[in-house]
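Overview (structure and organization)
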Amino acid sequence: MESAPIDWNAAYDDLSDRLYNFFRYRLGDDEVARELAQEVFLRLWRSRKSLRREMFKQTAFKIARNLTTDHLRRKRVRAWMQSLADEEDTQEVRSDENVEEAVQQRAILRQLNERLRDLSDADRELLSLKYGAGLTNRDIATVTGMSENNAGTRLFRIVRRLREDWEER
């Protein structure tokens, strides 16, 4: 039995923000996130004849993972994260922002980036899939090849470690 055709407009509406968020969480760069999200759709379109509708989302995030790996190989992620922290220190406060709140928010984001930088690439990827892309543990398991229970357990432990570290500092 043949799979129903893919509704590309609905697929784009459903996944474009999720893919962008995945890349934004993983790479921290809006422009790169937009470009790579579009590249996912381009690759999906190129392989449209062999795509199965019921695996469309998982296939999209498998492509996204591969694109991320390729991107990280070309760039030095550690140097980028440090420059991100430095850049946040020099950002100007918008005229419509409360200065004190903006400074506090940037300090919190800087601390979070420091903690995320200390995680392994695999742990950052799991957080990106869960919180950036909004995938379920089942979807994460399909995309990464790990079991659903393992994905959930690892995510729980990562978040717990981040919380404990946050409270200690």
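Residues numbered from 1 in each chain as written. Predicted model: local features only at pLDDT ≥ 70, side-chain atom pairs only at ≥ 80, totals over all residues. Heavy atoms only, no water.

1. Some words on the confidence of the model for the chain
Mean pLDDT for the chain: 82, with 83% of residues reaching 70 or above. Across the chain, the element-wise mean pLDDT spans from 53 in helix α4 (residues 77-90) up to 94 in helix α2 (residues 30-46). (pLDDT = per-residue confidence, 0-100. Helix = DSSP H or I, 4+ residues; strand = E, 2+ residues; numbered from the N terminus.)

2. What to know about the packing of aromatic side chains
The full count for this structure, using the stated rule, is five aromatic pairs. For the pair tryptophan 8 and phenylalanine 56, a centre-to-centre distance of 5.4 Å together with 85° between the ring planes defines the contact as edge-to-face. Linking tryptophan 8 in helix α1 (residues 8-27) with phenylalanine 56 in helix α3 (residues 56-74), this pair joins segments that are 48 residues apart in sequence. Taking the relative accessible area as the measure of exposure, phenylalanine 56 reaches 6% and is therefore buried. Here the aromatic rings of phenylalanine 22 and phenylalanine 23 are separated by 5.4 Å at their centres, their planes lie at 65°, and the arrangement is edge-to-face. Assessed through its relative accessible area of 0%, phenylalanine 23 is described here as buried. Pairwise contacts between aromatic rings join Trp8, Trp45 and Phe56 into one cluster. (Phe/Tyr/Trp six-rings, centres within 6.5 Å; stacked < 30°, edge-to-face > 60°. Buried < 20%, exposed > 50% of the residue type's maximum accessible area, 1.4 Å probe, protein only.)

3. With respect to the side chain of threonine 68
Here threonine 68 is to be found in helix α3. In this structure the side chain of threonine 68 is engaged in a polar contact, spanning 2.8 Å, whose partner is the backbone oxygen of alanine 64. Discounting residues that sit within four places of it in the chain, threonine 68 has contacts with Phe22, Phe23, Arg26 and Leu27. (Polar contact = N/O pair within 3.5 Å; in protein donor to acceptor, adjacent residues only side chain to side chain. Contact = heavy atoms within 4.5 Å.)

4. Quick notes on the side chain of arginine 18
Residue placement: arginine 18 occurs in helix α1. Reaching out from arginine 18, the side chain makes a polar contact with the backbone oxygen of alanine 133 at a distance of 3.0 Å. Beyond its immediate sequence surroundings of up to four residues, arginine 18 is in contact with Lys57, Phe61, Gly132, Ala133, Gly134 and Leu135.

5. Here we look at the packing of α1 against α3
Look at α1 against α3: their axes get within 11 Å of each other, and the N-to-C directions meet at 30°. Crossing geometry of α1 relative to α3 is assigned as right-handed. Along the contact surface, α1 presents Trp8, Ala11, Leu15, Arg18, Leu19, Phe22, Phe23, Arg26 and Leu27, while α3 presents Phe56, Lys57, Ala60, Phe61, Ala64, Arg65, Leu67, Thr68, His71 and Leu72. Across the contact of α1 with α3, the residue classes break down as 13 nonpolar, two polar and four charged. (Axes fitted to C-alpha atoms, helices over the stretch in contact; angles between N-to-C directions. Left-handed = near helix turned anticlockwise from the far one by under 90°. Nonpolar A, V, L, I, M, F, W, Y, C, P; charged D, E, K, R; others polar.)

6. Quick look at a nonpolar patch on the surface
Judged by side-chain polarity, Ile108, Leu109, Leu112 and Trp166 come together as a nonpolar surface patch covering roughly 320 Å² of accessible area. Tracing the backbone shows leucine 109 in helix α5 (residues 99-117). (Patch = residues over 30% accessible without salt bridge, like charges linked within 9 Å, V, L, I, M, F, W, Y side chains within 5 Å. Areas by Shrake-Rupley, 256 points an atom, 1.4 Å probe, with all protein chains shown as cover. Salt bridge = Lys/Arg side-chain N within 4 Å of Asp/Glu carboxyl O.)

7. Considerations on helix α7 (residues 137-144)
Of all the positions in α7, only Asp139, Ile140, Ala141 and Val143 are classed as buried. On the buried face of α7, the contacting elements are α3, α6 (121-132) and α8 (148-168). In the segment just after α7, glycine 145 is the residue with positive phi, at about 85°.

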